[in-house]
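# Survey of secondary and tertiary structure
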Amino acid sequence: MKDSVSFRLNGKPVQLDVDPERSLLWVLRTDLGLTGTKFGCGESLCGACTVVVGKEAVRTCLLPVKAVRGKDVTTIEGLEKNGKLHPLQDAFADTGGLQCGFCTPGMIMNAYALLLKNPKPSRPQIIAGMEDNLCRCAAHHRIVQAIEKAAAGGAS
C-alpha cells in the first residue's frame, strides 16, 4: 500500500507516493534516478549504500523510506555545489582513493558524516570511523589520506 513520504533530498523538498517499506536505496536509485548510491551487499554491512541523514551516515539498503520522513537526506550527488566537487571528492581523486569507484560514494558519504561531527579527526579516529566501509580494491590507505587531506582543508 502506497503512502505519501516527504523529506528533503540534497537540499530540495521531495514528496513521493511510495510503499513506505520500500528501501531508501531503491527509491533513490530507481524512483529518483540518483544512481550514485550503490547496491553492495544488501545487508547493511559493506557501506556502498551510505547516505547522510541529518548528520549521520546511514546505510540505505535495508532502511525503509518511511524512516527519513521529514528529515534531510544527502547523497553523493548532493555534495557538488555549482559545478564544483566537494573537497572530499577532490581529495579522493587527488590521492587515488577511488580506484574502481564502486565503494567511493559510500566511503565519501561516511567520511562526510565523520567530518560533520569532527572536522579535524586524528588518523586513528578516521580509521575507526571508516572501518565498517569495505573497499574491494584495498585502497584504504589512500582513502584515509584523502580524508586527512580534506580535513586539513576544512572540508566539513
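Reading the values: the criteria
- Residues numbered from 1 in each chain as written.
- Predicted model: local features only at pLDDT ≥ 70, side-chain atom pairs only at ≥ 80, totals over all residues.
- Heavy atoms only, no water.
- Helix = DSSP H or I, 4+ residues; strand = E, 2+ residues; numbered from the N terminus.
- Rg over C-alpha atoms; globule rule 2.2 N^0.38 Å.
- Contact = heavy atoms within 4.5 Å.
- Areas by Shrake-Rupley, 256 points an atom, 1.4 Å probe, with all protein chains shown as cover.
- Lys, Arg positive; Asp, Glu negative; His and termini not counted.
- Charge placed at Lys NZ, Arg CZ, Asp CG, Glu CD.
- Core = buried A, V, L, I, M, F, W, Y, C linked by side-chain atoms within 4.5 Å.
- Buried < 20%, exposed > 50% of the residue type's maximum accessible area, 1.4 Å probe, protein only.
- Pairing = 2+ DSSP bridges.
- Axes fitted to C-alpha atoms, helices over the stretch in contact; angles between N-to-C directions.
- Polar contact = N/O pair within 3.5 Å; in protein donor to acceptor, adjacent residues only side chain to side chain.
- Disulfide = S-S within 2.5 Å.

This part is about the overall build of the chain. Helices and strands together make up the secondary structure of the chain, namely 5 helices and 5 strands. The C-alpha radius of gyration computed for the chain amounts to 15 Å, which stays within 12% of the reference 15 Å derived for 156 residues, consistent with globular compactness. Oriented by its inertia axes, the alpha-carbon framework of the chain measures out at about 45 × 30 × 25 Å. Long-range pairs, those at least 24 residues apart, make up 57% of the contacts in the chain with a sequence separation of at least 6. Carbon and sulfur atoms make up 53% of the accessible area of the chain, which totals about 7,800 Å². Of the charged side chains in the chain, 19 are positive and 15 negative; the average position of the first set lies 4 Å away from that of the second.

With that out of the way, let us pick up the nonpolar core. One finds Leu88, Phe92, Met107, Met130, Ile143 and Ile147 to be the most contacted residues of the largest nonpolar core, which totals 25 residues. Mapped onto this core, the elements with two or more residues apiece are helix H2 (87-95), helix H3 (104-117), helix H4 (123-130) and helix H5 (140-152). Of all the elements, H3 adds the most residues to this core, at 8 residues. Contacts of methionine 107, omitting those with residues within four sequence positions, involve Phe92, Met130, Asn133, Leu134, Cys135, His140 and Ile143. In terms of nonpolar packing, the next biggest core, distinct from the first, is built from 17 residues, Val14, Val27, Val53 and Val58 among them.

A few words on the sheet that holds strand E4 (residues 56-59). The strand order across the open sheet formed by 5 strands is E2-E1-E5-E3-E4, and the pairing between neighbours is mixed. Where the open sheet ends on each side, the last strands, each with one partner, are strand E2 (12-18) and E4. Across the sheet, the axes of successive neighbouring strands diverge by a mean angle of 40°, strand direction being ignored. Pairing between strand E3 (residues 50-53) and E4: 4 bridges, direction antiparallel. Note that in E4 the partner of threonine 50 across the bridge is arginine 59. Sheet strands touched by helix H1 (residues 24-31): strand E1 (3-9), E2, E3 and strand E5 (72-74). Its angle to E2, the strand with the most contacts, is close to 100°.

Turning next to the side chain of threonine 95. Residue placement: threonine 95 occurs in helix H2. Among the polar contacts listed, one links the side chain of threonine 95 to the backbone oxygen of alanine 91, at a separation of 2.9 Å. Not counting residues up to four positions away in its chain, the partners in contact with threonine 95 are Arg142, Gln145, Ala146 and Lys149.

For the rest of this paragraph, the subject is the environment of tryptophan 26. Tracing the sequence through the fold places tryptophan 26 in helix H1. Residue tryptophan 26 is classed as partly exposed on the basis of its relative accessible area, which comes to 33%. The spatial distance from the C-alpha of tryptophan 26 to the C-alpha of glutamate 80 is 22 Å, given a sequence separation of 54 residues. Residue contacts for tryptophan 26: discarding those within four places in its chain leaves Asp31 and Phe39.

Okay, the state of the cysteines next. Counting across every chain of the model gives 0 disulfides. In this structure cysteine 103 is a free cysteine whose sulfur lies 3.9 Å from that of cysteine 135, the closest cysteine sulfur available.

What follows concerns the environment of glycine 83. The topology assignment puts glycine 83 in the loop between E5 and H2. With 65 residues separating them along the chain, glycine 83 and glutamate 148 place their C-alpha atoms 23 Å apart.

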